Amino acid sequence: MADTAFDIIIIGSGPGGYVTAIRAAQLGFKVGVVERDYIGGICTNWGCIPTKALLRSADVFHLMSHAKDFGLAADKVGFDPAAVIKRSRGVAKRLSDGVGFLFRKHKIATIWGEAVIDAPGKITVRQAKTEAPKGALAPGAYTAKHIILATGARPRVLPGIEPDKKLVWTYFEAMNPDKMPKSLLVIGSGAIGVEFASFYRTLGAEVTIVEVLPQILPVEDAEIAAFARKSFERQGIKIVTSAKVTKLDKTGDSVTATIDEGKATSQLTVDRVISAVGVVGNVENLGLEKLGVKVERGTIVIDGFCRTNVPGIYAIGDVAGPPMLAHKAEHEGIICVEAIKGLNPHPMDKHLIPGCTYCNPQVASVGITEAKAKADGREVRIGKFPFVGNGKAIALGEDQGLVKVIFDNKTGALVGAHMVGAEVTELIQGYVIAMNLETTEEELMHTIFPHPTLSETMKEAVLDAYGRVLNI
Ligand SMILES: Cc1cc2nc3c(=O)[nH]c(=O)nc-3n(C[C@H](O)[C@H](O)[C@H](O)COP(=O)(O)OP(=O)(O)OC[C@H]3O[C@@H](n4cnc5c(N)ncnc54)[C@H](O)[C@@H]3O)c2cc1C
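A look at the nonpolar core
By size, the foremost hydrophobic cluster in this structure holds 38 residues, and its most contacted members are Phe196, Phe199, Tyr200, Val207, Phe232 and Ile274. For this core, the secondary-structure elements that each account for two or more residues are helix H3 (48-65), helix H4 (81-105), helix H5 (171-175), strand E9 (183-187), helix H6 (191-202), strand E10 (206-210) and helix H7 (222-234). Sort the elements by how many residues they give to this core and H6 lands first, with five residues. Leaving out residues up to four positions away in the same chain, Ile274 has contacts with Trp169, Ala174, Leu184, Leu185, Val186, Ile187, Phe196 and Tyr200. Core analysis: the second largest hydrophobic core is formed by 31 residues, Val403, Val405, Ile428 and Tyr466 among them.

As structure tokens, then:
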């Protein structure tokens, strides 16, 4: 009979769960991971990875369509939607299989089914609706000294705009569409909404984004969001802010949306709608109420080491609250098991979690926005540098972008960095490291950046904050 006693059982195999499992195994714990649907969670199968594969196809299509700008010829550029989606699904499967391989490598047991916590240290795993992968342990009763909830999140549903998965999509259907819509309404302009808007617009759909707040990409710095908005509008994406979709009327193969813009109400008929109004934590049917685990606003309340209010029960990732990002989930998991081991890790500092949106142009940021800095009463120094002043950006044909840095004027500490433009999702990490090391303006100005690179915009923005900008 299979061994059912573990040191640590993790519920959920997303980026939070699987990375936590590997780190726990490295620390010598006997680890089991319960999963009911897909190894690798949303990130690998229906989130970060397959969207980036789709966006890559869109980028290549865009470049080929603009071949002439580079002195090249590419006639009759087209695309095969089924092949684009097949590639994306293939990339997701490859990564999901990779997580399975890592589990075997680290001798982590996969337990297939739906987990419920009966009491601290005890769980019951029920039969899943999906087929178990080879080698997975069967449903039944399991024990563990520590139970980590990494159950993730699912699409938020708002009244009046409930997804029907046919005409009104969530990200699941948007990623695996039955047909390419000619017209599309995206409700919500957070990272998920904007990435799908970018993908479908690049492939030719008429796209409208409706956002309830006055700004698209609401968590981003207002200036960067405004820059991105202009860029999207130049590409032909229609954007309506401070507006609400109140009703969706479905007819045959189209949907008519009622949009309330405050002073006026309008109607828009489209082939498909994507509801991208956020996600909610998977906190139900886990036995949390019975155990008394504190849940607030749909996510589990944790401390800086991912401990819930019930000893022996921990939570990480999307189910433990925002920002709902894969790298936040992973980092929480590492802190969680290192704390269990007694290694005294640093508690999570949410201020240092970068955020990336892979639309065209890309958006990336870390730390506080200018508005937040001012609201906090900080005296700040701001530096900016546009991509038009960067040789590499011009050589790449990517001269539309902006870098903005925010320093605390008293301490010289870099407290925020905000970027829009080509490859900024790769560049932002430079600032993340700088902020982690509590770097000051002096050190950044003395750092040598390679030429020609897009990264030089990052140094120029720092120089600009101190009146020393060179190339503009
Ligand atoms: C379209 C889209 C694009 C995204 N792009 C990005 C991006 O570019 N970068 C980024 O950082 N983030 C992105 N995200 C967010 C990212 O996917 C999540 O933050 C991340 O997946 C959270 O990881 P997690 O481990 O907390 O949970 P998840 O990845 O959601 O995994 C949770 C797992 O738990 C399982 N589970 C739940 N309940 C049970 C139970 N009772 N028993 C057994 N198993 C259970 C689920 O089946 C699931 O596999 C994106 C999300 C979406 C939807």
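Now, onward.
So, the packing of aromatic side chains
In the structure shown here, the tally under the stated rule is seven aromatic pairs. Considering the side-chain rings of Trp46 and Phe172, the 5.4 Å spacing of their centres and the 65° angle between planes classify their relative orientation as edge-to-face. Taken as a pair, Trp46 in helix H2 (residues 41-46) and Phe172 in helix H5 lie far apart in primary sequence, 126 residues in all. According to the relative accessible area criterion, Trp46 is buried, its value standing at 16%. The class of Phe172 is partly exposed, set by a relative accessible area of 22%. Following the ring pairs from residue to residue traces out a cluster consisting of Trp46, Tyr171 and Phe172. Across from the ring centre of Phe6, 5.1 Å away, lies the NZ or CZ of Lys30, which sits over that ring. The ring of Phe29 has Lys341 lying over it, and the distance from NZ or CZ to the ring centre is 5.3 Å.

Comments concerning the state of the cysteines
For the structure on display, the rule yields zero disulfides. Summary of cysteine pairing: Cys336 is not part of a disulfide, and the nearest cysteine sulfur, belonging to Cys306, is at 5.0 Å. Since its relative accessible area comes to 0%, Cys336 is described here as buried. Unpaired in this structure, Cys359 has its nearest cysteine sulfur neighbour in Cys356, at a distance of 10 Å.

Quick notes on the site of the ligand
As a matter of local geometry, the ligand sits amid 39 residues, with Gly16, Glu35, Lys52, Asp318 and Ala326 nearest to it. Between an oxygen atom of the ligand and a main-chain N or O atom of Ile42, the distance comes to 2.9 Å. Met324 places a main-chain nitrogen or oxygen 3.2 Å from an oxygen atom of the ligand. A total of 990 Å² of accessible area belongs to the ligand in isolation, and the protein chains cover 95% of it. Mapped onto the shell around the ligand, the elements with two or more residues apiece are helix H1 (15-26), strand E2 (31-35), H2, H3, strand E4 (114-119), H5 and helix H9 (326-341). If you tally residues by element for the shell around the ligand, the top one is H2, at four residues.

Criteria and thresholds
Residues numbered from 1 in each chain as written. Predicted model: local features only at pLDDT ≥ 70, side-chain atom pairs only at ≥ 80, totals over all residues. Heavy atoms only, no water. Core = buried A, V, L, I, M, F, W, Y, C linked by side-chain atoms within 4.5 Å. Buried < 20%, exposed > 50% of the residue type's maximum accessible area, 1.4 Å probe, protein only. Helix = DSSP H or I, 4+ residues; strand = E, 2+ residues; numbered from the N terminus. Contact = heavy atoms within 4.5 Å. Phe/Tyr/Trp six-rings, centres within 6.5 Å; stacked < 30°, edge-to-face > 60°. Lys NZ or Arg CZ within 6 Å of the ring centre and 35° of its normal. Disulfide = S-S within 2.5 Å. Near = heavy atom within 4 Å. Polar contact = N/O pair within 3.5 Å; in protein donor to acceptor, adjacent residues only side chain to side chain. Areas by Shrake-Rupley, 256 points an atom, 1.4 Å probe, with all protein chains shown as cover.

Read these as spatial facts, not as claims about activity.
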